[in-house]
Amino acid sequence: MTTFGSRRGFAEHLSLPLMIAALLLLVGFLYWLNITAQPTEVVQVEEGPDRGPGVSAILDIDDFLVDAQRFEGQTVEVTGAQVTSRLGDQAFWIGPEDRPFLVKLASPAIEAGVSVASGQSMNLVGTVLMMTDSALVAWGDAGAFPTEGDRIVAEFAVGSPFLEAFRVQTLARGEDAEGT
């Protein structure tokens with residue numbers, strides 16, 4: 001049998017050139033990334049006349065209706081909402097027929113003379129609140145229910161969230177949620 005001897009010295013002689021080669025490969029890779037990288041654009045949402053101050057979320061109607069209760073106490077903007085039916089002059093239902101969502105006009109919207117019609121599309125800015133018996137009484141005292149039937153219909157929303165809208169932007173037919 002023949003012996004080939006120790007290979008230990010061979011590995012020691014290659015460690016420095018391998019280390020330099022790895023370093024050059026790393027520097028070359030970083031240089032290649034730098035010259036081929038595409039710049040990214042960061043879009044900042046600024047508050048303007050069409051965006052409310054303190055809006056915590058801007059949501060499409062479908063995204064909002066999935067779990068509106070998680071936004072309780074927050075101010076949100078709901079885009080692309082469509083009125084399914086009215087509840088007096090100060091409240092209305094939005095969303096699909098099988099799970100409508102109650103919207104009540106806040107004092108600023110009422111004072112601005114906002115009125116809605118069934119089938120109308122709009123963007124809403126308001127606060128998500130929980131419907132309680134005391135809120136129902138306050139609505140009645142504010143004249144939100146012209147008939148006793150409207151009050152009875154509103155009672156079905158007790159225990160669920162509603163949107164108190166202080167800004168309503170109606171959309172023309174064919175207009176999308178951004179108003180273009």
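Anything mentioned here points back to the structure above.
A quick note: this is a predicted structure, and the numbers were derived from the prediction, not measured.

The subject of this paragraph is the overall build of the protein. Assigned secondary structure in the protein consists of five helices and six strands. Helices and strands appear in the protein in the N-to-C order α-β-α-β-β-β-α-β-α-α-β. In the protein, which comprises 180 residues, the share counted as buried stands at 30%. Of the contacts made within the protein by residues no fewer than 6 positions apart, 67% connect residues no fewer than 24 positions apart. For the protein, the accessible area works out to roughly 11800 Å², and carbon and sulfur atoms hold 57% of it.

This part covers the nonpolar core. With 24 residues, the main nonpolar core has Phe64, Phe92 and Leu124 as its most contacted residues. Those elements that place two or more of their residues in this core are strand S1 (57–60), helix H2 (61–66), strand S2 (75–87), strand S3 (91–94), strand S4 (101–105), strand S5 (121–130) and strand S6 (161–171). Broken down by element, this core gets its largest block of residues, four residues, from S2. When residues no more than four places from it in sequence are discounted, the contact partners of Phe64 are Leu59, Phe71, Val76, Val78, Phe101 and Val128. Of all hydrophobic cores here, the second largest spans 13 residues; its members include Leu87, Ala91, Trp93 and Ala135.

Moving on to the pattern of salt bridges. Inspection of every chain in the model, using the stated rule, returns two salt bridges. Of the charged contacts, one joins Asp89 and Arg86 as a salt bridge, the two residues approaching to 2.9 Å between their closest N and O atoms. A relative accessible area of 57% places Asp89 in the exposed class. Exposure remark for Arg86: the relative accessible area of 39% places this residue in the partly exposed category. The residue Glu155 makes a salt bridge to Arg151 at a minimum N-O spacing of 3.8 Å.

Moving on, we get to the packing of aromatic side chains. Counting across every chain of the model gives five aromatic pairs. With centroids separated by 6.1 Å and ring planes inclined at 25°, the aromatic side chains of Phe29 and Trp32 adopt a geometry described as stacked. Of this pair, Phe29 and Trp32 both sit in helix H1 (residues 8–36), three residues apart, which is roughly one turn of that helix. Taking the relative accessible area as the measure of exposure, Phe29 reaches 43% and is therefore partly exposed. Look at Trp32 and you get partly exposed, because its relative accessible area is 47%. Ring geometry for Trp139 and Phe162: centres 5.0 Å apart, planes at 90°, overall edge-to-face. Remark: Phe162 occurs in strand S6 and Trp139 occurs in helix H4 (residues 133–141); sequence separation between them is 23 residues. Like Trp139, the residue Phe162 is buried in the burial classification. One aromatic cluster in this structure is built from Phe64, Phe71 and Phe101. When the ring centre of Trp139 is taken as origin, the NZ or CZ atom of Lys104, which lies over that ring, is 5.7 Å away.

Attention shifts here to a nonpolar patch on the surface. A cluster of nonpolar side chains, namely Leu23, Leu26, Val27, Phe29, Leu30, Tyr31, Trp32, Leu33 and Ile35, defines an oily patch on the protein surface of about 930 Å² accessible area. Considering the arrangement of structural elements, one finds Leu23 in helix H1.

Across three bridges, the pairing between S4 and S6 is parallel. Note that in S6 the partner of Leu105 across the bridge is Ala165. Two strands pair when backbone bridges link them, and S5 and S6 are joined in this way by 10 bridges, in the antiparallel orientation. For Met122, the partnering residue across the bridge sits in S6 and is Thr170.

Each value, and the rule that gives it
- Residues numbered from 1 in each chain as written.
- Predicted model: local features only at pLDDT ≥ 70, side-chain atom pairs only at ≥ 80, totals over all residues.
- Heavy atoms only, no water.
- Helix = DSSP H or I, 4+ residues; strand = E, 2+ residues; numbered from the N terminus.
- Buried < 20%, exposed > 50% of the residue type's maximum accessible area, 1.4 Å probe, protein only.
- Contact = heavy atoms within 4.5 Å.
- Areas by Shrake-Rupley, 256 points an atom, 1.4 Å probe, with all protein chains shown as cover.
- Core = buried A, V, L, I, M, F, W, Y, C linked by side-chain atoms within 4.5 Å.
- Salt bridge = Lys/Arg side-chain N within 4 Å of Asp/Glu carboxyl O.
- Phe/Tyr/Trp six-rings, centres within 6.5 Å; stacked < 30°, edge-to-face > 60°.
- Lys NZ or Arg CZ within 6 Å of the ring centre and 35° of its normal.
- Patch = residues over 30% accessible without salt bridge, like charges linked within 9 Å, V, L, I, M, F, W, Y side chains within 5 Å.
- Pairing = 2+ DSSP bridges.

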